[in-house]
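# Understanding the architecture of this molecule
Residues per chain, in single letters:
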Amino acid sequence: MTGLDQRSDAVTLPRGPLVGFATGSLGMGVWVTVPGLLLLYFLTDVLAVAPWLAGLTLLLPKIADVLLHPWIGHRCDVEQARRGHRRRLLLAGCVLPLAFAALFAVPGDLTGAAAAGWVAVFFVAGNLLFAAYQVPYLATPADLRIGYHERTRLMAFRMVVLTLGILVSGLLAPLLAGGDDATRDGYLRMGVLLAAGMLAAMLVGVAGIGRLRRTAADTVPPHGPGGWRALAASLRDRQFRWLVGAYLAMSTTTHLVLAGVPYYAEYELGRPGLTTVLVAAFVAPALLVTPGWLAVARRIGKQRALLAGQAAFAAGSLVLAVGRPAGLPVLVAAVAVLGVAFAGMQLLPFSMLPDVIRAAGGTERAGTYTGVWTATEATGAALGPYAYALCLAAGGFVASTAGQTVTQSPAALDALRYGFGLLPATVMVIAVLLQRRYTLDGAARADAAG
């Protein structure tokens, strides 16, 4: 870590700007949660899209993200170098709510492949707009004169509000769509109402970032935009590679679980209404345990805390593979364990990212590093539902339209259950193996202590 980082440990960010910054995550939480939770189910059980095609509909737009997010990161660094801020991209990203509403506004005469095409187009547009907001938003901690522990505190505020956004949208979205009797009109209503809330929260976030920059902006001027050389440098950064590789596995796993919740509730537990219960059990613990993760990270370091969270997630997933014989209370408790781990897996990697950026040279590369990071997150958000869709297809799951009753085969039900339990546990073990190769945290803690 640099001498600047050691001196900046004394900077404590005021609570007001922190809350404003964190509020932007409310809108981001809607985009992260609702498509991941409902879009696959919307395609297969409302629009009669075959599972294999529904999976591709969610996966292929994310391939564009692999290229678009690093490009957004490059433009983000250009804006920082030329203007001293990244505000224009943030404001462009505030168009995201329109794409979100359009995603669920599929015309009434479209089903099957045509409906999948409509969803894919607006999913691409939404992902691009989300990147325009998310990349400069997540570059903010690296732009500020704050140290190792204050970065974790900043991201803890963000995590609590993001969790609130995930929880509220995860609970409201199925209800607004019609609950057990969801219809096209219900999904349209849900999209419009949540889009309005997204817009308000994202604008507050832009204002909060401005206040943080006025409070503790890094006074060291950037040497110029990092450009594609900075992108190549980020990919050569050993610490960044291990951290981002582990986060890809974590993102894939959590989005897989979200995509599987409606199926698990309806077909394994026999009660579609339990979707909201499982979402609450997964997300709500983060509102309570995030301060605990912050305390644990201060005591033993971010790396050790993150490894503990990953191991807990894998253990909880194995319980879910047992299914109905385990009993509903045990299954809900297992989902809650996943939720506790999820809180740590959101807070800790996002607070480790600015540590890596500062160690690599500072703010002139922040957008580039963050662009690669968000591309990884977007890839995981696509791979998770796609992996679950492949499980459904392998088991012979039959797609349907809204209101149509279909009896699934025993093989389909087994694939549905194992895809929700065994597969997440396996991928999370991979995350642990990758995360163990990250070694920057010890040096970062030593600098902070010094």
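Residues numbered from 1 in each chain as written. Predicted model: local features only at pLDDT ≥ 70, side-chain atom pairs only at ≥ 80, totals over all residues. Heavy atoms only, no water.

### A few points about the overall build of the protein
- Along the protein, the regular secondary structure elements total 17 helices and zero strands.
- Out of the 450 residues belonging to the protein, those deemed buried represent 60%.
- In the protein, the proportion of contacts linking residues at least 24 apart, taken out of those at least 6 apart, comes to 86%.
- In the structure as shown, the protein presents an accessible area of about 15900 Å², 66% of it carried by carbon and sulfur atoms. (Helix = DSSP H or I, 4+ residues; strand = E, 2+ residues; numbered from the N terminus. Buried < 20%, exposed > 50% of the residue type's maximum accessible area, 1.4 Å probe, protein only. Contact = heavy atoms within 4.5 Å. Areas by Shrake-Rupley, 256 points an atom, 1.4 Å probe, with all protein chains shown as cover.)

### Side note on the packing of helix α6 (residues 112-143) against helix α7 (residues 148-176)
- α7 packs onto α6 with a crossing angle of 150 degrees between their chain directions and a minimal axis gap of 10 Å. Regarding the angle of α6 to α7, the classification is roughly antiparallel. Regarding α6 and α7, the two cross each other, and that crossing is right-handed. Across the interface between the two elements, Tyr137, Leu138 and Pro141 from α6 touch Leu154, Met155 and Arg158 from α7. (Axes fitted to C-alpha atoms, helices over the stretch in contact; angles between N-to-C directions. Parallel < 35°, antiparallel > 145°, perpendicular 65-115°, else oblique. Left-handed = near helix turned anticlockwise from the far one by under 90°.)

### Focus: α7
- Helix length check: α7 (29 residues) gives 41 Å between terminal C-alpha atoms against 42 Å at 1.5 Å per residue, within 8%.
- Buried residues dominate α7, accounting for 21 of its 29 residues.
- Downstream of α7 by a residue or two, Gly178 has a phi angle that is positive, lying close to 120 degrees. (Expected span 1.5 Å × (residues − 1).)

### Description of the environment of Gly208
- With respect to the secondary-structure elements, Gly208 resides in helix α8 (residues 184-216).
- For the pair Gly208 and Gly24, spaced 184 residues apart in sequence, the C-alpha to C-alpha distance is 8.1 Å.
- Excluding residues within four positions of it along the chain, Gly208 makes contact with Pro17, Gly20 and Phe21.

### Section: the environment of Ile357
- Residue placement: Ile357 occurs in helix α14 (residues 328-360).
- Classification of Ile357 as buried rests on a relative accessible area of 2%.
- Along the chain, Ile357 and Gly367 lie 10 residues apart, while their C-alpha atoms are 9.5 Å from each other.

### Section: the packing of helix α3 (residues 51-83) against α6
- With their axes 8 Å apart at the nearest point, α3 and α6 run at an angle of 30 degrees to one another. As α3 packs across α6, the resulting crossing turns out to be right-handed.
- Across the contact of α3 with α6, the residue classes break down as 17 nonpolar, six polar and three charged. (Nonpolar A, V, L, I, M, F, W, Y, C, P; charged D, E, K, R; others polar.)

### Observations regarding the confidence of the model for the protein
- Looking at the protein as a whole, the pLDDT averages 83, with 89% of positions reaching at least 70.
- Considering each helix and strand of the protein separately, the mean pLDDT is smallest for helix α1 (residues 3-8), with a value of 44, and largest for helix α5 (residues 96-103), with 95.
- In the model, residues 1-8 has pLDDT below 50 throughout and makes 18 contacts with residues more than four positions away in sequence or in other chains. (pLDDT = per-residue confidence, 0-100.)

### So, the nonpolar core
- By size, the foremost hydrophobic cluster in this structure holds 126 residues, and its most contacted members are Phe100 and Tyr187.
- The greatest single-element share of this core, amounting to 16 residues, is contributed by helix α10 (residues 238-268).
- With residues near it in sequence (within four places) discarded, Tyr187 still touches Leu38, Tyr41, Phe42, Val46, Phe104, Ala177 and Ala182.
- In this structure, Ile72, Cys76, Ala131 and Ala132 belong to the second largest nonpolar core, which totals six residues. (Core = buried A, V, L, I, M, F, W, Y, C linked by side-chain atoms within 4.5 Å.)

### So, unusual backbone geometry
- Its identity as a non-glycine residue notwithstanding, Ala48 has a phi of 55 degrees, on the positive side.
- Within the secondary structure, Ala48 is located in the loop between α2 (15-45) and α3.
- According to the relative accessible area criterion, Ala48 is partly exposed, its value standing at 30%.

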